[in-house]
Amino acid sequence: LAFYNFIGKGRVKFMRILVADKLANDGVEYLRSEGFDVDVNTGLSKEELIKIIGDYEALIVRSATQFKGEIIDHANKMKVVGRAGVGVDNIDIPKCTEKGIMVVNTPFGNINAAAEIGIALAFSLFRNIPQAYLAGKNKDFRRANFAGEELEGKKVGIIGMGKIGAIVAGKLSGCKMEVMGYDPYVTKDRMESLGVKYCETLDEMLPECDLITLHIPKTPETAGILGEKEIKMCKKGARIVNAARGGLIDEKALYEALKAGDLAGAALDVVEKEPDFKKTPDVQDYENPLLELDNVIYVPHLGASTKEASLNVSVQVAKTIAAALRGELVAAINMPPVKIDDKSDIRSYIKLSEILGKVYYQVEDDKISKIDIKYQGELAKIDTKILSLSFLKGFLEKFSSEQVNYINAEAVLSSTGIDFVESKSSSGNENLITASFISGDKKSSISGTVTGKEVRLTDFFGYKFNLEASGNLIVVQNMDIPGIIGKICTVIGESGINISGMQMSRNKKGEKDVSFIYVDSVCEDKVLDKIKGLEGVYKASRISFGD
Ligand code: 3PG
């Protein structure tokens, strides 16, 4: 699924980004070259972070920094937090969403590294390599103590057949293992296409496997997935690899099974309570009974620690953060899913929706009680949630003192008391969005469409146009009488503003005209006032499309 969000355009040179965990320099350099103000300040305590977090528009972390609780409460300027990696369990996503902070990660940057460490741990477990190495360091070369087993011909059960699990399946198939997979979110067809035997339940898989390897995130649903019952279900002499997340295995039950010899071994890149990865051994006070067992191999969360993965996640997170801060569309974790129709360029329609939202308060003052947004044509067939959010973001921008973005737009709307209704109609050939603003008995509508990539307004409060929605405009409503346009343009010209284009529409001959006058610079209030003062002019306002 794709998740999308964007933040209003900002001037990047005033935007500050804090890198709070170790990140390859390439990402930092990229952000600086794009004009952002980047501070690399790693290893901060919670208290230190609370003190400074309010100064930053964006934060980049790996798994060490916890972006939760009070730290989020103090992150008052924060627009986006980027996880340079996959797992986001160090970030309180619902709290970020509530505060309007977008959460992004790099879902692909380190997947191969994560898969490879799973394979490395499997080989280490089956051949007792770390134990033999340690003994050798102490001049104990009695190789008979370290006889192992081969992977070839054995059965492996992969828990989690997503991106990483699929890579692991491919690599272990290459080792000629028989691969079984359990993942409630992956279909039988998909697993079979990967040459993996589909298991509907863990009960079906666990008793069969010589090796069990986990490749799932830690969520409330997956925490403790290998509990006492499941561990007891495993084949005698099976081995377990966990290079995914601590907390997926009941460590007490694992300890008992390893000590009793029911399981032959476990290799862990992650544990429920991880040690402090920065402390030197003399001050390290970490205790974990699992580490005392000879049949346990533990490595300190090295899954993503490769040169390649560090570079990938650093550059990927930097590009996503920069794009988000520039107001571009980026994939965010805490957003509703959006289906994109291949034929429609959703990005242009997102822009159109935001423009429709922005225009109203540039030309009207009436207080709105209800907004009706209607999607027509192909748009009626797709999930339009992102378009409605985009509209609200544009509409509420002027209305609210809060920074409105896709995450908090609905919450900001509900605080205004304005009703928002969405409707769809697939009739007609045109992909049209119409926003109707209801104020008492008055209903005013603006419609627009997209031609190629160009956003165009087709109806403006009942007047028909085909207007390119970009640049700066002066909108004048006037009597339909000879000479009036000349007078309006003279005022604009005499004020030193260059007119670059113009379109007119009238409702009925001799009644009212609306003129859209494209200008090269923003029209000042005093010029607008002069236009308003002309005889026959009912109304004059300016529109900026914000591009
Ligand atoms: C991840 O979730 O991406 C991995 O566990 C890596 O974590 P790290 O960035 O702290 O090494």
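Residues numbered from 1 in each chain as written. Predicted model: local features only at pLDDT ≥ 70, side-chain atom pairs only at ≥ 80, totals over all residues. Heavy atoms only, no water.

Draft legend 1. Representation of the packing of helix α5 (residues 111–127) against helix α6 (residues 129–137) within the structure. Axis separation between α5 and α6 bottoms out at 6 Å; the angle between their running directions is 65°. Contacts between α5 and α6 pair Phe123, Ser124 and Arg127 from the former with Ile129, Pro130 and Gln131 from the latter. Grouping the constituent residues of the contact of α5 with α6 by class yields three nonpolar, two polar and one charged. (Axes fitted to C-alpha atoms, helices over the stretch in contact; angles between N-to-C directions. Helix = DSSP H or I, 4+ residues; strand = E, 2+ residues; numbered from the N terminus. Contact = heavy atoms within 4.5 Å. Nonpolar A, V, L, I, M, F, W, Y, C, P; charged D, E, K, R; others polar.)

Draft legend 2. Quick peek at helix α1 (residues 25–33). Among the residues of α1, Gly27, Val28 and Leu31 are the ones counted as buried. Projected down its long axis, α1 shows its buried positions confined to an angular sector of 100°, all on one face. In this structure, the buried side of α1 is in contact with β2 (16–19), β3 (37–40), β4 (58–61) and α12 (307–325). (Buried < 20%, exposed > 50% of the residue type's maximum accessible area, 1.4 Å probe, protein only. Arc of directions from axis to C-beta.)

Draft legend 3. Highlighting the site of the ligand. Taken together, the residues surrounding the ligand are Arg62, Ser63, Arg83, Ala84, Gly85, Val86, Gly87, Asn110, Arg245, His301 and Ala304. Note that an oxygen atom of the ligand is positioned 2.7 Å from one of the backbone N or O atoms of glycine 87. Partitioned by chemical class, the residues of the shell around the ligand number three nonpolar, five polar and three charged. (Near = heavy atom within 4 Å. Polar contact = N/O pair within 3.5 Å; in protein donor to acceptor, adjacent residues only side chain to side chain.)

Draft legend 4. Expanded view of helix α16 (residues 484–494). Among the residues of α16, those classed as buried are Ile484, Ile485, Ile488, Val491 and Ile492. Buried residues of α16, viewed axially, fall in a sector of 125°; they line one side. Elements that come into contact with the buried residues of α16 comprise β21 (472–479), β22 (499–506), β23 (512–519), α17 (525–532) and β24 (537–544). Backbone geometry just after α16 places glycine 496 at a positive phi near 80°.

Draft legend 5. A look at a nonpolar patch on the surface. A surface patch of nonpolar side chains, about 270 Å² in accessible area, is lined by Met479, Ile481 and Tyr538. In this fold, methionine 479 is placed in strand β21. For methionine 479, a relative accessible area of 33% corresponds to the partly exposed category. (Patch = residues over 30% accessible without salt bridge, like charges linked within 9 Å, V, L, I, M, F, W, Y side chains within 5 Å. Areas by Shrake-Rupley, 256 points an atom, 1.4 Å probe, with all protein chains shown as cover. Salt bridge = Lys/Arg side-chain N within 4 Å of Asp/Glu carboxyl O.)

Draft legend 6. Region of interest: the nonpolar core. Core analysis: the biggest nonpolar cluster contains 49 residues, and Phe395, Leu457 and Phe460 have the highest contact counts within it. With ten residues, the single largest contributor to this core is helix α13 (residues 346–363). Ignoring sequence-local partners within four residues, the contact set of leucine 457 consists of Leu352, Ile355, Leu356, Ile446, Ser447, Gly448, Phe465, Asn466, Leu467, Ala469 and Phe545. (Core = buried A, V, L, I, M, F, W, Y, C linked by side-chain atoms within 4.5 Å.)

Draft legend 7. Layout of the packing of aromatic side chains. Considering all chains together, one arrives at eleven aromatic pairs under this definition. An angle of 5° between the planes, with centres 6.1 Å apart, marks the rings of phenylalanine 391 and phenylalanine 395 as stacked. Residue phenylalanine 391 and its partner phenylalanine 395 are located together in helix α14 (residues 385–399), separated by four residues, close to a single helical turn. For the pair shown, phenylalanine 391 and phenylalanine 395 are each scored as buried. The rings of Tyr360, Tyr361, Phe391, Phe395, Phe420, Phe437, Phe460, Phe461, Phe465 and Phe516 are connected pair by pair, giving a single aromatic cluster. Directly above the aromatic system of phenylalanine 108 lies the positively charged group of lysine 163, at a separation of 5.2 Å from the ring centroid. (Phe/Tyr/Trp six-rings, centres within 6.5 Å; stacked < 30°, edge-to-face > 60°. Lys NZ or Arg CZ within 6 Å of the ring centre and 35° of its normal.)

Draft legend 8. Region of the structure containing the sheet that holds strand β5 (residues 80–83). In space, the five strands of this open sheet follow the order β3-β2-β4-β5-β6, with parallel pairing throughout. Lying at the two open borders of the sheet, with one neighbouring strand each, are β3 and β6 (102–105). Shown here is a sheet whose adjacent strand axes are inclined to one another by a mean of 20°, direction ignored. Note: β2 against β4, three bridges, orientation parallel. Across the sheet, leucine 18 pairs through a bridge with leucine 59, a residue of β4. Across the face of the sheet, α12 comes into contact with β2, β4, β5 and β6 while running at roughly 170° to β5. (Pairing = 2+ DSSP bridges.)

Draft legend 9. How the structure looks around the pairing of β6. In β6, alternate side chains face the same way, and those of Met102 and Val104 on one face and Val103 and Asn105 on the other are all buried. Bridge count between β5 and β6: four bridges; the pairing is parallel. Residue pairing for β6: arginine 83 is matched across the bridge by asparagine 105. For the segment spanning β5, helix α4 (residues 93–99) and β6, crossover handedness is right-handed. (Right-handed = clockwise from strand over helix to strand, strands pointing away.)

Draft legend 10. Up close: the environment of aspartate 480. Tracing the backbone through its elements, the reader meets aspartate 480 in the loop between β21 and α16. A relative accessible area of 17% places aspartate 480 in the buried class. Sequence separation between aspartate 480 and alanine 332 is 148 residues, and the spatial gap between their C-alpha atoms is 50 Å.

Draft legend 11. Quick peek at the pattern of salt bridges. For the coordinates displayed, the defined rule picks out 29 salt bridges. Notably, a salt bridge pairs lysine 358 with glutamate 354, separated by 3.7 Å at the nearest N-O pair. Separated by four residues within a single helix, lysine 358 and glutamate 354 lie in helix α13, roughly one turn from each other. Judged by its relative accessible area of 9%, glutamate 354 falls in the buried class. A cluster of three or more residues bridged by salt bridges with shared partners is formed by Glu364, Asp366, Lys442 and Lys539.

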